[in-house]
Amino acid sequence: MAQATVAVLFGGRSSEHSISSVTAGGVLRALDRERFRVIPVGITRDGVFVLEEDAPDKFALDAAHLPEVSDNGTRVLWPEGGADRVLRVRRADGTVDTLGSLDVVLPILHGVHGEDGTVQGFLDTLGIPYAGGGVLDSALCMDKHFMKIVLQASGVTVAPWVTITRDSWAADPDAAREAARRLGVPNFVKPSRAGSSVGVSKVHDWDEFDAAVELALAEDDKALVETAIVGREIEVAVLETPGAAPARASLPGEIVLTTREFYDFEGKYLGGDGAEVVCPAVLTDDEIAALQAAAIRAFDAVGGRGLARVDFFLTPSGIYVNELNTMPGFTPISMFPKCWIASGMTYAELISDLLDTALART
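About the criteria used
Residues numbered from 1 in each chain as written. Predicted model: local features only at pLDDT ≥ 70, side-chain atom pairs only at ≥ 80, totals over all residues. Heavy atoms only, no water. UniProt positions renumbered as here; feature names shortened; annotations may be inferred. Helix = DSSP H or I, 4+ residues; strand = E, 2+ residues; numbered from the N terminus. Contact = heavy atoms within 4.5 Å. Pairing = 2+ DSSP bridges. Axes fitted to C-alpha atoms, helices over the stretch in contact; angles between N-to-C directions. Buried < 20%, exposed > 50% of the residue type's maximum accessible area, 1.4 Å probe, protein only. Arc of directions from axis to C-beta.

Looking at an unreviewed UniProt entry, one finds the chain named D-alanine--D-alanine ligase and attributed to Microbacterium schleiferi. Quoted verbatim from the Pathway (unreviewed entry) field of the UniProt record, the comment on the chain reads "Cell wall biogenesis; peptidoglycan biosynthesis."

What follows is the structure in structure tokens.
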């Protein structure tokens, strides 16, 4: 079988740049090199596309120094569209080299300008297949406000919430405070369009509320205030199945908090104490079936493509969907790969599955 040429796209302009770069390290290390010829394409924090090194160790997770894509003077030149899929690079000295004809792109970008449908639309315009979510589901799930509206309209239970915009907060903060007070405390305040728990606060009393809103609005022009649901934090990984077959749901995993208030950035990526990822979660067969069915229902509700991680609160009164991530944390220690590994798939097989699904669309 001939090798397929895949551009691994990572970094980006969002606050999750370093996590995307860490993910790239894991993916570059695990990709099946017998099946795939790899071209690493980094996006700097300024939005410059550069040809990166195919060096997994360069992007290893290090709590003391998170990796990032730097401007090395190269410029990746994307195909011109139509039937052209040839990727080129202009070197720092001005010479242009051909890198090869692309078969597929693997965008492992988190946050805005990558996970929100923008890169997906760019690749659709060029006619280049890519793994993961499409324009619609990426945009919907990036914006938690609209995601909740769509899920609720589809009969999926979500936590009660109110949305505060930067303009409404500036114009009438008392009205925003009054709307939020109806949710009670504790509650969570988070940016509408951010991930990896960036800008998220747990509000225990109203003296903390204003600072939490300001923190969230520093990341985005909309902030969500959500009722703090008391329940087990369960996550299910979903993969699209090529053709007309239904999507597949993994065994559920669980975030077990001991001393940490919520699963924040440090707990997710830096090995902070007080949070443990347990996969598979200890659940009854009926609970597993209900969570898997709910995950696929939520995936279908947003027009899911490729993959998603569906985050739940499992409570005595039922299941609440917290959010969907169309490009979830994908480092080897992240929940999404762990769920599929627990379900019988290796990390390398998971990456190949995503690429095969994308290639099947061509």
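Peer 1: Lay out the side chain of H145 with the relevant residues and their values.
Peer 2: Tracing the sequence through the fold places H145 in helix 4 (residues 144-153). Residues in contact with H145, not counting those within four places in the same chain, are W161, T163, S192, K222 and L224.

Peer 1: Outline the sheet that holds strand 6 (residues 96-101), listing residues and values.
Peer 2: Spatially, the three strands line up as an open sheet ordered 4-5-6, and their pairing is antiparallel. Strand pairing shows two members of the sheet lacking a second neighbour, strand 4 (75-77) and strand 6, which therefore form its edges. On average, adjacent strands in this sheet sit at an angle of 25° to one another, irrespective of strand direction. Pairing of strand 4 with strand 5 (residues 86-90), which is carried by three bridges, proceeds in the antiparallel orientation. Bridge pairing in strand 5 links L77 to R88.

Peer 1: Report on helix 2 (residues 118-126), specifying residues and quantitative values.
Peer 2: Those residues of helix 2 lying buried are V119, Q120, L123 and L126. Buried residues in helix 2, looked at end-on, bunch into an arc of 125°, giving them a common side. For helix 2, the elements touching its buried residues are strand 1 (4-11), strand 7 (104-107) and helix 3 (135-142). Following helix 2 by one or two positions, G127 adopts a phi angle in the positive range, close to 75°.

Peer 1: Can you lay out the sheet that holds strand 3 (residues 49-51) for me, pointing to particular residues and giving the numbers?
Peer 2: Strand order in the open sheet made by the four strands is 3-2-1-7, with mixed pairing throughout. In this open sheet, the two strands that pair with only one neighbour each are strand 3 and strand 7. Looking at each pair of strands side by side, their axes are set apart by 30° on average, direction ignored. Two elements, strand 1 and strand 7, share four bridges in a ladder whose sense is parallel. When the sheet's bridge partners are listed, V6 is paired in strand 7 with V104.

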